[in-house]
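Summary of structural features
The primary structure of each chain is shown beneath.
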Amino acid sequence: MTPTLPSPLAVVCHDAAGAQLILPWLDLDQTRVQAWVQGPAAVLWHDLLGERGRVASLDDALDGAALLITGTSLSQDLEHRARLHALALGVPSVAVLDGWTHYAARFQRDGHRVLPDQIWVTDAEAYTVAQARFPTHDVRLQPNLHQRK
């Protein structure tokens, strides 16, 4: 079962791990997706979907979006900037944690901590860690459809 995703949906990813979790949740025939992907995520997107759903900028991705879903790259700030921009626009956001470490650092850049409206994880261990790290935040366990392939 995939999570219910509204349309239009902004998707922003850089790293492969986050993209591998998010991509199987997307049904581009049912949901209008506006994706701004770079780095390894862009390669995965292209391999699976071609250019379908891709847009030219973060502004285009967030234009009219009902929700932003991002990865949580540790070494890149693409998704962090997207969450900042979505917050300024009043667009709710979801960040997908793809591992079990460095949770706080994934949401902090240059002294700015930006948490999404929801944090999604895809296994029980990550759920336990995320709930402990963000005890007052909305943490949800979603299916890992990437591992089922």
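Residues numbered from 1 in each chain as written. Predicted model: local features only at pLDDT ≥ 70, side-chain atom pairs only at ≥ 80, totals over all residues. Heavy atoms only, no water.

Counting residues in each nonpolar core, the largest one holds 23 residues, and the members touching the most others are Val 11, Leu 26, Trp 45 and Ile 69. Counting only elements with at least two residues in this core, the list comes to strand E1 (9–13), helix H1 (16–22), strand E2 (33–37), helix H2 (39–49), strand E3 (67–70) and strand E4 (93–96). Sequence-distant contacts of Trp 45, defined by excluding residues within four places in its chain, comprise Val 11, Leu 23, Leu 26, Leu 28, Val 33, Ala 35, Val 37, Gly 50, Arg 52, Gly 53 and Arg 54. Of all hydrophobic cores here, the second largest spans twelve residues; its members include Ala 61, Leu 62, Ala 65 and Val 91. (Core = buried A, V, L, I, M, F, W, Y, C linked by side-chain atoms within 4.5 Å. Buried < 20%, exposed > 50% of the residue type's maximum accessible area, 1.4 Å probe, protein only. Helix = DSSP H or I, 4+ residues; strand = E, 2+ residues; numbered from the N terminus. Contact = heavy atoms within 4.5 Å.)

Turning our attention to H2. Listed in full, the buried residues belonging to H2 are Ala 41, Ala 42 and Trp 45. Considered in projection along H2, the buried side chains sweep an arc of 100° and stay on one side of the axis. Within H2, the exposed residues directed more than 90 degrees away from the buried face are Val 43 and Asp 47. For H2, the secondary structure elements touched by its buried residues are E1, H1 and E2. Once H2 finishes, Gly 50 follows within two positions and takes phi at roughly 65°, a positive value. (Arc of directions from axis to C-beta.)

Right, let's get into the environment of Asp 27. Following the sequence through the fold, Asp 27 ends up in the loop between H1 and E2. Sequence-wise, Asp 27 and Thr 2 are 25 residues apart; in three dimensions their C-alpha atoms are separated by 9.5 Å.

In this section: the sheet that holds E3. Spatially, E2-E1-E3-E4-E7-E8 is the arrangement adopted by the six strands of the open sheet, whose pairing is parallel. The strands lining the two open edges of the sheet, one partner per strand, are E2 and strand E8 (138–141). Each adjacent strand pair in this sheet contributes to an overall mean axis angle of 20°, direction not counted. Bridge analysis of strand E7 (residues 118–121) against E8 gives four bridges, and the strand direction is parallel. Along E8, the bridge assignment pairs Ile 119 with Val 139. (Pairing = 2+ DSSP bridges. Axes fitted to C-alpha atoms, helices over the stretch in contact; angles between N-to-C directions.)

Note that Asn 144 resides in the segment after E8. In this structure Asn 144 comes out as buried when scored by relative accessible area, which is 12%. Sequence separation between Asn 144 and Trp 25 is 119 residues; the distance between their C-alpha atoms is 9.0 Å. The residues touching Asn 144, leaving out its near neighbours within four places in the chain, are Leu 21 and Thr 122. For Asn 144, the side chain forms a polar contact with the main-chain nitrogen of His 146, separated by 3.1 Å. (Polar contact = N/O pair within 3.5 Å; in protein donor to acceptor, adjacent residues only side chain to side chain.)

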